[in-house]
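Residue-level structure breakdown
Take a look at the letters that make up each chain.
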Amino acid sequence: MESPEIKKQGLNLPAAMSGASLRLDTFSLSLSARSISNLSSSSPSSSKSSTCSDRFIPCRSTSRLHAFGLIDKPSPSKEGGNDAYSRLLKSELFGSDFVSSSPSSSSPAGQSSPTKNILRFRTDHSGGPSSPYSPSILGHDHGLSNETSTPPKPPRKVPKTPHKVLDAPSLQDDFYLNLVDWSSQNVLAVGLGTCVYLWSASNSKVTKLCDLGPQDGVCSLQWTKEGSYISIGTCLGQVQIWDGTRCKRVRTMGGHQTRTGVLAWNSRILASGSRDRNILQHDMRVSNDYISQLVGHKSEVCGLKWSSDDRELASGGNDNQLLVWNHHSQQPILRLTEHTAAVKAIAWSPHQSNLLTSGGGTADRCIRFWNTSNGHQLNCIDSGSQVCNLAWSKNVNELVSTHGYSQNQIMVWKYPSLAKLATLTGHSMRVLYLAMSPDGQTIVTGAGDETLRFWNVFPSVKAPAPVKDSGLWSLGRTQIR
């Protein structure tokens, strides 16, 4: 039987549970006006100390706030509120060293240095390589500018093997001779013993130009600039002029006492150098054998080259001297004596006026660059072996050198960096002879191993963009004959 009290409360209990085992304590919540007013006027500090809250506040002791560069510091005062901005500006303009040495940038004891950004992971500055994404683009590291700069162009690839090899029997192994030359009409002339042969590069046809006989021999060859006539220096000291098209001798000039080992044409004058230490200048328009004699070397003249403007003549000799002559003077205007061996290799730059290059023999091995306007040496590089020939490319600012003892190599150089672009090998003896094709892309080298090797070492000249014809005048165009 349920008790009246439980029934009054409306509770249904099991039969085993009596009303005495269940006790409900009720609490009444009464708020007076005074307590409400005290609650509304309570300070924030009292709310912080309360254990109950409707917001989640994380525990700072277990948070990894140090990883984000967050520091606890009081807000800057009104007067010093721009200190952080000033330090950042000085760092950007004058570098971090200036800021660290400035007295105003020193931090108080016990405080870490303020960071520049909020919620930014800290960067480890402990001696590691600077990041390419450094926040400072005006600082001393310049990491960003180095990464975004244009990468250097790779060096041009030069074929390591010759594309053609010709046999040249009886090609002499003599450092002081010049027996190979390539004409502007694409004909190669080679002196073999007492004979001169012409090889056409267009159709590979070989023509025997002349035979000087058993009492004489070929010592030097040089085509005119037009490529129609060729001059031949002989062992007897003569200079012969031949018509290369008709294979006919035009003229013979004397004046040298012994072999004529080097020849050089400009537009009008032919210069010849001899073992008799003299340089003769010949003019085909006059009947005399020579019009002037240049005396300055103390030993055999083995190198001769005219400048691109035909105003200056450079000569090298076995006396280790490099002389520069003016066409108005009988005395050298420059006497360069830095070489310590014979100077056969001489070349004028077609890209820069007054730039002369010379190479020394076995005891010197150096390639030297000169400014002939003041006689100053611009640069010098040790090639490691005897310098036999030098030639500039007319298409790019590069030059090629051929060498003898002891490596017998061919080297391609970039100017003015003097970076070595290629080293070509193949000859088994000294590479004594060098000539360049009319298009400036191919060189031919000759050596005492009796071979001529053709190498593609220089790029082609950049052709201008063709102009497209438009309008009525381009229609039905005819050729004027």
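Going by an unreviewed UniProt entry, the protein carries the name CDC20/Fizzy WD40 domain-containing protein and comes from Arachis hypogaea. You can read under Pathway (unreviewed entry) in the UniProt record for the protein the words "Protein modification; protein ubiquitination." The record in UniProt for the protein states the following under Sequence similarities (unreviewed entry): "Belongs to the WD repeat CDC20/Fizzy family."

A few points about the overall build of the protein
When helices and strands are counted, the protein shows six helices and 28 strands. Looking at the protein as a whole, 40% of its 481 residues qualify as buried. Within the protein, contacts between residues separated by at least 24 positions form 45% of all contacts whose residues are at least 6 apart in sequence. Accessible surface for the protein amounts to roughly 29,000 Å². Of this, 53% is attributable to carbon and sulfur atoms.

Points about a nonpolar patch on the surface
On the surface, Tyr-85, Leu-89, Leu-93 and Phe-94 cluster together into a nonpolar patch covering about 440 Å² of accessible area. Looking at where Leu-93 falls in the secondary structure, it is placed in helix 4 (residues 83-94).

A closer look at the pairing of strand 19 (residues 355-360)
Two faces belong to every sheet, and in a regular strand the side chains alternate between them. Across the six residues that make up strand 19, a large majority, six, are buried. Side chains of strand 19 alternate between two faces, with Leu-355, Thr-357 and Gly-359 and Leu-356, Ser-358 and Gly-360 buried alike. Bridge count for strand 18 (residues 343-348) against strand 19 is five bridges, and the pairing is antiparallel. Directly across from Trp-348, in strand 19, lies its bridge partner Leu-356. The hairpin turn running from strand 18 into strand 19, its antiparallel successor, is six residues long, and Asn-354 in that turn takes a positive phi close to 65°.

Examining the sheet that holds strand 23 (residues 398-403)
In spatial order, the strands read 22-23-24-25; together these four strands make up an open sheet with antiparallel pairing. Each edge of the sheet is formed by a strand with only one pairing partner; in this case those strands are strand 22 (387-392) and strand 25 (419-424). When strand polarity is set aside, the average angle formed by the axes of neighbouring strands in this sheet is 20°. With five bridges connecting them, strand 22 and strand 23 associate as antiparallel partners. Counted as the bridge partner of Asn-389 is Thr-402 from strand 23.

What about the UniProt feature "repeat: WD" (unreviewed entry) in the protein?
As annotated in UniProt, the feature "repeat: WD" (unreviewed entry) corresponds to residues 294-335 and 424-457 in the numbering used here. Counting secondary structure, residues 424-457 comes out at 0% helix and 56% strand; the distance between its end C-alpha atoms is 10 Å.

Quick look at the sheet that holds strand 27 (residues 442-447)
With respect to topology, four strands assemble into an open sheet ordered 1-28-27-26, the strand pairing being antiparallel. A single partner strand is all that each edge strand has here, and the edge strands are strand 1 (164-167) and strand 26 (431-436). The sheet shows a mean angle of 20° between the axes of neighbouring strands, taken without regard to direction. Of the pairings in the sheet, the one linking strand 27 to strand 28 (residues 451-456) comprises five bridges and is antiparallel in character. Considered in strand 28, the bridge of Thr-445 is made with Arg-453.

Concerning the pattern of salt bridges
For the structure shown, the criterion picks out eleven salt bridges. Here Asp-173 ties to Arg-430 by a salt bridge, and the two come within 3.3 Å at their closest N and O atoms. Within this pair, whereas Asp-173 is found in the loop between strand 1 and strand 2 (180-182), its partner Arg-430 is found in the loop between strand 25 and strand 26, the two being separated by 257 residues in sequence. Of the charged contacts, one joins Asp-310 and Lys-225 as a salt bridge, the two residues approaching to 3.2 Å between their closest N and O atoms. Of the two residues, Asp-310 sits in the loop between strand 14 (301-306) and strand 15 (312-317) while Lys-225 sits in the loop between strand 6 (218-223) and strand 7 (229-234), which places them 85 residues apart along the sequence.

Brief notes about the side chain of His-403
By secondary structure assignment, the location of His-403 is in strand 23. Looking at His-403, the relative accessible area reads 0%, which means it is buried. A distance of 3.3 Å separates a polar side-chain atom of His-403 from the backbone oxygen of Gln-386. Among all residues touching His-403, those that are not within four sequence positions of it are Ile-367, Ser-383, Ser-385, Gln-386, Val-387, Cys-388, Asn-408, Gln-409, Met-411, Arg-430 and Val-431.

Some details on the packing of aromatic side chains
With the rule as written, the count across this model stands at six aromatic pairs. With 5.4 Å between their ring centres and 80° between their planes, Trp-392 and Tyr-415 make a pair best called edge-to-face. Of this pair, Trp-392 sits in strand 22 while Tyr-415 sits in the loop between strand 24 (410-414) and strand 25, placing them 23 residues apart in sequence. In this structure, Trp-392 and Tyr-415 share a single accessibility class: buried. Through a chain of ring-to-ring contacts, three or more aromatic side chains come together here, namely Trp-182, Trp-199 and Phe-454. The side chain of Lys-344 reaches across the aromatic face of Phe-175, ending 5.4 Å from its centre.

So, the side chain of His-297
When you line up the elements, His-297 lands in the loop between strand 13 (292-295) and strand 14. Polar contacts involving the side chain of His-297 include one to the side chain of Ser-315, which spans 2.8 Å. Within the structure, the side chain of His-297 is placed 3.3 Å from the side chain of Asp-319, a separation counted as a polar contact. Among all residues touching His-297, those that are not within four sequence positions of it are Arg-277, Ile-279, Ser-315, Gly-316, Gly-317, Asp-319, Gln-321 and Leu-323.

Overview of the environment of Glu-312
Tracing the sequence through the fold places Glu-312 in strand 15. For the pair Glu-312 and Asn-326, spaced 14 residues apart in sequence, the C-alpha to C-alpha distance is 4.9 Å. With residues near it in sequence (within four places) discarded, Glu-312 still touches Lys-305, Trp-306, Ser-307, Val-324, Trp-325, Ile-333, Trp-348, Asn-354 and Thr-372. Here the side chain of Glu-312 touches Thr-372 through a polar contact of 3.5 Å, side chain to side chain.

Rules and cut-offs
- Residues numbered from 1 in each chain as written.
- Predicted model: local features only at pLDDT ≥ 70, side-chain atom pairs only at ≥ 80, totals over all residues.
- Heavy atoms only, no water.
- UniProt positions renumbered as here; feature names shortened; annotations may be inferred.
- Helix = DSSP H or I, 4+ residues; strand = E, 2+ residues; numbered from the N terminus.
- Buried < 20%, exposed > 50% of the residue type's maximum accessible area, 1.4 Å probe, protein only.
- Contact = heavy atoms within 4.5 Å.
- Areas by Shrake-Rupley, 256 points an atom, 1.4 Å probe, with all protein chains shown as cover.
- Patch = residues over 30% accessible without salt bridge, like charges linked within 9 Å, V, L, I, M, F, W, Y side chains within 5 Å.
- Salt bridge = Lys/Arg side-chain N within 4 Å of Asp/Glu carboxyl O.
- Pairing = 2+ DSSP bridges.
- Axes fitted to C-alpha atoms, helices over the stretch in contact; angles between N-to-C directions.
- Polar contact = N/O pair within 3.5 Å; in protein donor to acceptor, adjacent residues only side chain to side chain.
- Phe/Tyr/Trp six-rings, centres within 6.5 Å; stacked < 30°, edge-to-face > 60°.
- Lys NZ or Arg CZ within 6 Å of the ring centre and 35° of its normal.

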